[in-house]
Amino acid sequence: MKKIVVMISGSGSNLEAIIKACNSRKIYGEIVFVISNNPDAYGIERAKKYSIPIKIIDHNKYSKRDDFDDVLVKFLDDLDIDLIILAGFMRILGENITQKFYGKMINLHPSLLPLYPGLNTHTQALNNKDKYHGISIHFVTAKLDAGPLIAQGKILIKAEDDLEKLIARIHKVEHDLLPKVINELCLNNIYLNCETHKVMYSDKLELKMSPIYFNN
């Protein structure tokens, strides 16, 4: 069983999807800690509901970004974990921490990268009248939302979609695809070649890695 840390900043809906998948053995791993940089994140309550240990590292208490990263690195080092999942974690991490955990840290981003790195992705997709929208799961580097891509979930934007409806549909894709990718990582069916920076896929992989179309 792989040791997993999930890092959050907000509601934690993806955290709960991961927890449920671990509890039902759909993920070959266990969450050993939830880390939040926001002491008011609702995801903390979700973690408490499942009796998962919580660590709050409030970024507002650190005047320098590197100081926050250093505390985070020390805590992660002591846990000796296998996989770090950024699931709605809204802090940009620096080069020291991303290099140290390169290949062990993944991020869920709500757009079809390289489209719309950063914030307000759903609004941009609607404003630009995009045909498709979706999510991307990638390994983390110091460059924002630009690490090696693992998988994407893709949906058709419907004529009746407003911001609220589109976000709800995207959340369904996130809650389905992210646990599947995490399980494949835990089984070593997906891994990063850190020298070539290429994502490698085992022949045993059941998950289709080309963009997955969810017609919901």
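Residues numbered from 1 in each chain as written. Predicted model: local features only at pLDDT ≥ 70, side-chain atom pairs only at ≥ 80, totals over all residues. Heavy atoms only, no water.

Peer 1: Even after reading the chapter, I still don't get the overall build of the protein chain, so can you show me in this structure?
Peer 2: Along its length, the protein chain carries six helices and ten strands. Over its C-alpha trace the protein chain gives a radius of gyration of 17 Å, about what one expects of a compact globule, namely 17 Å for 216 residues. The dimensions of the protein chain, computed from C-alpha atoms along their principal axes, are 50 × 40 × 35 Å. Across the 216 residues that make up the protein chain, the buried fraction comes to 50%. For the protein chain, long-range pairs separated by at least 24 residues make up 64% of all intrachain contacts whose partners lie at least 6 apart in sequence. Accessible surface, the protein chain as shown: approximately 11,100 Å² in total, 49% of it carbon and sulfur. When the 28 basic and 26 acidic side-chain charges of the protein chain are each reduced to a single mean position, those positions are 4 Å apart. (Helix = DSSP H or I, 4+ residues; strand = E, 2+ residues; numbered from the N terminus. Rg over C-alpha atoms; globule rule 2.2 N^0.38 Å. Buried < 20%, exposed > 50% of the residue type's maximum accessible area, 1.4 Å probe, protein only. Contact = heavy atoms within 4.5 Å. Areas by Shrake-Rupley, 256 points an atom, 1.4 Å probe, with all protein chains shown as cover. Lys, Arg positive; Asp, Glu negative; His and termini not counted. Charge placed at Lys NZ, Arg CZ, Asp CG, Glu CD.)

Peer 1: Help me understand the packing of aromatic side chains, please; the structure alone is not making it clear to me.
Peer 2: The geometry of an aromatic ring pair is captured by the separation of the ring centres together with the interplanar angle, meaning the angle of the planes. Taken as a whole and assessed by the stated rule, the structure comprises two aromatic pairs. Taking the centre distance of 5.0 Å and the plane angle of 90 degrees together, the rings of F33 and F75 count as edge-to-face. You can see F33 sitting in strand β2 (residues 29-36) and its partner F75 sitting in helix α3 (residues 65-79), a full 42 residues away along the chain. Assigned by exposure class, F33 and F75 land together as buried. Ring geometry for Y62 and F68: centres 6.1 Å apart, planes at 65 degrees, overall edge-to-face. Over the face of the ring belonging to F68 we find R91, whose NZ or CZ atom lies 5.7 Å from the ring centre. Of note, K154 hangs over the ring of Y132, and the distance from its end group to the ring centre comes to 4.2 Å. (Phe/Tyr/Trp six-rings, centres within 6.5 Å; stacked < 30°, edge-to-face > 60°. Lys NZ or Arg CZ within 6 Å of the ring centre and 35° of its normal.)

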